[in-house]
Amino acid sequence: MSGQTVPADFSGHMLDLDEDDDLEVFSKNPSLAGGGPMPNSPSSMVNQYRLEEEEEQQEANARDLFITVDDPESHVTAVETFVMYRVATKTTRSQFDSSEYEVHRRYQDFLWLRSKLEENHPTLIVHPLPEKFVMKGMVERFNNDFIETRRRALQRFLSKVSLHPVLSHSHHLEVFLTAQDLLPYKKQGPGFLSRLGETVRAVASSVRGLKSRPEEFSLMQEYVEDFSIKISSVDKVTQRIIKEQREYLDELKQYNPTYAQWAESEGELAEPLNGVASCVERCSKETDEQIQHLSSVLVPALHDYVLCAETLKAVMRRRDNIQAQFEAKNEALGSRRTDLETLQDEVDSLADRVELANNALKGDWTRWQDGMRADLKSAFLSTAEKNVEYYEQCLAVWESFLLSQRVEPGEQRDGEDAS
Amino acid sequence: MADSGRIDEVAVIGNTDVTSTESENNIINTMVERGTSLLKKMEINVAEAEKRTGKNTVNMQETYTVYLIEIRPAETVPEGETPTAPDTLWRRYSDFELLRTYLLVTHPYIIVPPLPEKRAEFVWHKLAADNLDPDFVERRRVGLENFLLRVASHPVLSNDKIFFLFLTEEKGWREAVLETGFQDKVDSRIKSLSAMYRVKNPDKRFTELKLYSDELNSVISQLLRVRAKVADRLYGVYKVHGNYGRVFSEWSAIEKEMGDGLQSAGHHMDTYAASIDDILEEEEHYADQLKEYLFYTDAVRSVCRKHELIQYELEMVAQDLIHKKQQKEDLTTGTVRVFSLKGMTSKLFGQESQEQRESRLAALDQSIREGEETLKEKNTECQEFVRTACEDIERFKEQKDRDLREALISYAIMQISMCKKGIQVWSNAKECFNKM
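Given the structure is predicted, the values throughout are model-derived calculations rather than measurements.

Some remarks on the overall build of chain B
At step 1: In terms of helices and strands, chain B carries 11 helices and three strands.
At step 2: Going from N to C terminus, chain B has its helices and strands arranged as α-α-β-β-β-α-α-α-α-α-α-α-α-α.
At step 3: A total of 436 residues make up chain B; the buried ones form 47% of that total.
At step 4: Surface summary for chain B: the accessible area is close to 22,300 Å², and the carbon and sulfur share equals 51%.

Some thoughts on the overall build of chain A
At step 1: On a plain count of helices and strands, chain A comes out with 12 helices and three strands.
At step 2: Counting all 419 residues of chain A, 48% fall into the buried class.
At step 3: Considering only contacts within chain A whose residues lie at least 6 apart along the sequence, 72% involve residues at least 24 apart.
At step 4: Split by element, the accessible area of chain A, about 20,500 Å² in all, is 51% carbon and sulfur.

A word on the environment of Val306(A)
Residues and elements named next belong to chain A.
At step 1: Assignment of secondary structure puts Val306 in helix H11 (residues 270-335).
At step 2: Sequence-wise, Val306 and Lys211 are 95 residues apart; in three dimensions their C-alpha atoms are separated by 30 Å.
At step 3: Apart from the residues lying within four places of it in its own chain, the contact partners of Val306 are Ile231, Ser232 and Asp235.

Considerations on the pairing of strand E1 (residues 65-76) of chain A
Residues and elements named next belong to chain A.
At step 1: In this sheet, strand E2 (residues 81-91) lies alongside E1 in antiparallel orientation, the contact comprising 10 bridges. Considered in E2, the bridge of Ser74 is made with Val83.
At step 2: Between E1 and E2, which pair antiparallel one after the other, the connecting turn spans four residues.

A short note on the interface of chain B and chain A
At step 1: Listed as interface residues are 58 residues of chain B and, on the opposing side, 54 residues of chain A.
At step 2: Taken over both partners, the interface formed by chain B and chain A buries close to 5,500 Å², and the fraction arising from carbon and sulfur atoms is 72%.
At step 3: In this structure, the connection of chain B to chain A is made through five salt bridges.
At step 4: With its nearest N and O atoms 3.6 Å apart, the salt bridge here joins Glu385(A) to Lys430(B).
At step 5: Summed over the shared surface of chain B and chain A, the number is 15 residue pairs in polar contact (both at pLDDT 80 or more).
At step 6: Taken together, the elements giving at least two residues each to the side of chain B that touches chain A come down to helix H8 (204-252), helix H9 (259-333) and helix H11 (354-434) of chain B.

Details of the pattern of salt bridges
At step 1: The final tally for this structure, using the stated rule, is 52 salt bridges over all chains.
At step 2: Lys230(A) is the salt-bridge partner of Glu250(B), the closest N and O atoms lying 3.5 Å from each other. Placement of Glu250(B) in helix H8 and of Lys230(A) in helix H9 (residues 215-252) is noted, with the two residues assigned to different chains.
At step 3: Note on Lys230(A): relative accessible area 15%, which makes it buried.
At step 4: Each of Arg139(B), Arg227(B), Glu283(B), Glu284(B) and Asp288(B) takes part in one network of salt bridges that share partners.

Topic: the sheet that holds strand E3 (residues 100-106) of chain A
All names here are of chain A.
At step 1: Spatial ordering of the open sheet is given by E1-E2-E3, a layout of three strands whose pairing is antiparallel. Unpaired on one side and paired on the other, E1 and E3 mark the two borders of the sheet. With direction set aside, neighbouring strand axes in the sheet form an average angle of 20°.
At step 2: Taken strand by strand, helix H5 (residues 144-163) contacts E1 and E2, and its axis lies near 150° from that of E1.
At step 3: Sheet contacts for helix H6 (residues 171-178): E1, E2 and E3; angle to E3, the most-contacted strand, approximately 90°.

Quick look at the packing of H11(A) against helix H12 (residues 340-406) of chain A
All names here are of chain A.
At step 1: Look at H11 against H12: their axes get within 9 Å of each other, and the N-to-C directions meet at 170°. Between H11 and H12, the angle is such that the two are roughly antiparallel.
At step 2: The class makeup of the residues in the contact of H11 with H12 is 38 nonpolar, 16 polar and 10 charged.

So, the packing of aromatic side chains
At step 1: All told, the structure shown has 30 aromatic pairs over all chains when counted by the stated rule.
At step 2: Ring centres 6.0 Å apart and planes at 50° place the aromatic pair Phe96(A) and Tyr101(A) in the tilted group. Exposure class is identical for Phe96(A) and Tyr101(A). Each is buried.
At step 3: Among the aromatic side chains, those forming a connected cluster through ring pairs are Tyr223(A), Phe227(A), Tyr305(A), Trp365(A), Trp368(A), Phe380(A), Tyr244(B), Phe248(B), Trp251(B) and Phe433(B).
At step 4: Directly above the ring of Phe82(A) sits Arg106(A), whose terminal nitrogen or CZ lies 3.7 Å from the centroid.
At step 5: It is Arg91(B) that lies over the ring of Phe166(B); its NZ or CZ is 4.8 Å from the centre.

Some words on the confidence of the model for chain B
Residue and element names in this part refer to chain B.
At step 1: On average, residues of chain B carry a pLDDT of 82, and 81% of them reach 70 or more.
At step 2: Mean pLDDT in chain B bottoms out at helix H1 (residues 20-33), which sits at 48, and peaks at H8, which reaches 94.
At step 3: Confidence drops under a pLDDT of 50 for residues 1-16, and excluding neighbours within four residues, the segment shows 35 contacts in the predicted structure.
At step 4: Within the model, pLDDT remains below 50 along residues 25-34, and this stretch shows 19 contacts once partners closer than five positions in the same chain are excluded.
At step 5: Reported for the predicted complex are a pTM of 0.79 and an ipTM of 0.80.

As for the sheet that holds strand E1 (residues 42-55) of chain B
Residue and element names in this part refer to chain B.
At step 1: In space, the three strands of this open sheet follow the order E1-E2-E3, with antiparallel pairing throughout. Each having just a single partner strand, E1 and strand E3 (87-92) make up the two edges of the open sheet. Averaged over all pairs of adjacent strands, the angle between strand axes in this sheet comes to 25°, irrespective of strand direction.
At step 2: Looking at chain direction, strand E2 (residues 61-73) and E3 are connected through six bridges and run antiparallel. In the sheet register, Ile69 faces E3, and the bridge partner there is Leu89.
At step 3: On the sheet, helix H4 (residues 134-152) packs against E1 and E2 and is oriented at approximately 135° with respect to E1.
At step 4: On top of the sheet, helix H5 (residues 161-168) reaches E1, E2 and E3; it is set at about 105° to E3, its chief contact.

Rules behind the numbers
Residues numbered from 1 in each chain as written. Chains lettered and ligands numbered in written order. Predicted model: local features only at pLDDT ≥ 70, side-chain atom pairs only at ≥ 80, totals over all residues. Heavy atoms only, no water. Helix = DSSP H or I, 4+ residues; strand = E, 2+ residues; numbered from the N terminus. Buried < 20%, exposed > 50% of the residue type's maximum accessible area, 1.4 Å probe, protein only. Areas by Shrake-Rupley, 256 points an atom, 1.4 Å probe, with all protein chains shown as cover. Contact = heavy atoms within 4.5 Å. Pairing = 2+ DSSP bridges. Buried area = accessible area lost by both parts, 1.4 Å probe. Salt bridge = Lys/Arg side-chain N within 4 Å of Asp/Glu carboxyl O. Polar contact = N/O pair within 3.5 Å; in protein donor to acceptor, adjacent residues only side chain to side chain. Axes fitted to C-alpha atoms, helices over the stretch in contact; angles between N-to-C directions. Parallel < 35°, antiparallel > 145°, perpendicular 65-115°, else oblique. Nonpolar A, V, L, I, M, F, W, Y, C, P; charged D, E, K, R; others polar. Phe/Tyr/Trp six-rings, centres within 6.5 Å; stacked < 30°, edge-to-face > 60°. Lys NZ or Arg CZ within 6 Å of the ring centre and 35° of its normal. pLDDT = per-residue confidence, 0-100.

This is the structure we're talking about:
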C-alpha cells in the first residue's frame, strides 16, 4: 500500500481489501458485504468511518494514517489476567520507516500513551479512553460485551488521535504503534518524583488563585461546566430509554405464545390468530434490533462525550495552572532585588509558556467543538434513521397481515404474504 | 368514541385506513343486515351518561350513573328534513343487570350477550380503574349500547316482551319484571353443581363446548393480562422520550451551531411522548372487544350447565321409573330384593293381606304411569333444549369468528396507525438532527 494515494472515499477502498486481516472486524458483519454505497448498518464501525469521512473532508490533507484495534485475547500470568489487543497501522507518512505495523497492546499501554500525550500537550484536548471499571451493572472485566465495548472505544481513541494535526505526529504515538516492546519507553521520561514535584508546584500556584482569567477562557469554563451537566443528562435519558425498551420487549414476547395457544382451540379463527402471533413476533425482533442499535451507536457516542467533559475540565485547570505559575513568578519578580536577570528569564519563559498554552487551547477548542457536533449529529441521525426504519418494518408486517385478511377465505394462500 | 347510530362511513376493501368509526359501524351494519324485526323497526342508542345521587335501599346517600336510552324509528330521512325526535328513558347499570338475569332465566338455551364489566379489570396502571371516571363511564356507555344491539339483533331475544318494555317503559319496568316470577325459575346453585358430577350421558357437543369455553376464557384472560403489561411498558418508553425534549431544550441554550437543530428535535420528542396517550386509548377498544367474548364464555358455560341439569333430571326421572318398575315386579313376584322397611315390617308383623298388596300395586301402577308421562315430557324438554341450544351455539360461533376476526383486523389497523405516527415523528426529528 506504500506509495499509493488513498482515495477520498477511503472507506469503500478499505472494504475492498477483504483478504486483509485488519478488516476482519468490518467484513464479519454481513450487512456490510456487497460493496456499493455505504450501507446504513448498525455497526458503529461504519458510522465511525462515516464520521471520519466528514472530518477527513474538513482536513486539508488526505488521511494517511489508519489504525485498527481488534482481536482481543486473554492472557493469563501467575500474577494477573489481562486482555491484549492487536493494534494494526497502515500509513504513508515518511516519519514511519515502514508502511504497515502490527503490535499488541493492553489497556495499561493505552493509558500510558494518553498520559504522555497530555503531559506533552497540556492544553490540547485528548480524546478520552474508556473507563477502567464499569461501576454500575457490575460488569465482569472479561465479559465479552464489555471487551467489545472497550475495544471499540480504544479504536475511537486512536482514530481521533490519528486525525489530530498535532497529536498524530507525537513521538509517543509513533512508539506506541511501532515498538514491539513498550517497556523500555515506559521507563523513560521525567521520573515519578519529579512529576510529583511539578504537580505540587502547580497545585501551590493554583491555590493562590488566578489573578484574572481572559474572558474567552472564562466563557469556555462556563460552557464546559454546562456542557458536562447537559451531556450527562442526555446520557442518562438514553440509558433509561434502553432500560424501558428492554422491559417492553420482555412483555411483548409474551404475546406470541398466547395467540398461538388460542389458535390451537379455534377453527376458522386460527388463521388470523396465527397471523397476529407471527406479526408480533416479527415486531419483537425489530424491537430487539432497535435496542442493539441504540446500545452500539448512541450510547458509546454520548458516553465518550461525558468523559470528554471531564477532559475539558482538566484542560481548563491545567491552563489555569500554567497562567498561575507565570503570575506567581511575575509577582516575585516585582519584589526581588537580586538575581533579577535569571528571574526575568524564568518569567519570560513562563510567559511564553502561557501564550503557547492559550493558543494551543484556542486552536484545539474549535476543532473539538466541530468534532463533537459532527460525532453527536451523526449518532443522533443514525438513531433517528434506525427508528424510522423500525417503524417502517413493523408497518410492513402489519400491512401484509391486513392484506392476507382482505382476501376471501376461499382464496387465501398459505401463510402470509412476504412484505 | 363515535356515535354508533350513524351508518355513514363504511369501510371499503383495499382501504387500510379504517377509522374506529368505520370498524364500529362494520359491526353495527352486519347486525342490522342479518336483521331482526325489532331492529328493522327501530334504532337504539345509549346516548349519554349522567351522575345522580339518591338514597339507596339502606337509606344511605350514593352516587351512581344513569344512561340515556334513545329509541328512534328506523326510517330513511329524506334530505333536508330532520329525523324525528327519539323517545328516551334513563336506566342505571343495575337495571341492565336485572334485564340480563331475566333473559338468562327465561331463555336458558340462549347464549345471552354479556354486559360490560361492572368494575374495571385488566387495567394497565395509568388507566383509571375508578367507576366514576369519565373514560370508564364512556367505555361502559358503549358497552351497554353494544349489549342492547346484540339483544335486539338476536332472533329469539329480540322478541322478548320484557326487553321491549325495557326500551320503552321507564317507570314500572322493574315491577313488570318481578311480576313474571322469573326468580322461581332460577336453578339453585347446589342443584346445578351436583348435576355436573352425576350426569351419565351428557351430549358430547355440550361437553366439548364447555371445554372450549373454559379454554377460551383462560386464553383471553391471559391475553388481556399480557396486553395490560405491554401497554404499561410501552407507555414508559414513550414518556421517557419526553425527557429528551426537556434536556435538548436546555442543552440547545448553550450551543451556537447545534442549538436550533437540538431545540426543534426536542419538540418532536415531546410530540412523540404525548402520542402514546391516544394510541393506548384506541387500544382499549380492542381490549373491550376481547372482554366481551371473555364474558360471553360465562354465558356459554351457563347453557352447558343448564343442559347438564336437564339431562340430569331426565336421568333421575328415568332412574326413578326403572326403580318403580322394579318395585312392581318385586311386589308381583313376591321377592324381597332389597332390605326395606316394608320387608322388615312384614317379617315382624306378618305378611300383608292380599288387599293391601293390591292397593299397593295399584298405587305403583299409577306412579309408573305418571313416571312415564314425566319421562316423555322430560325427554321432549331435553331434546328441545338440545335442538334450540345447538342452533344458538352455531349462531354464536359464527358471530364470534366474525367479530373476533374484525377485532384482530382493527388491532392491525391500530398498529399501522401507531407505526405511521412513529415514522412521522422520527423523520421530523431526523430533519432537525440534520440541521445540527
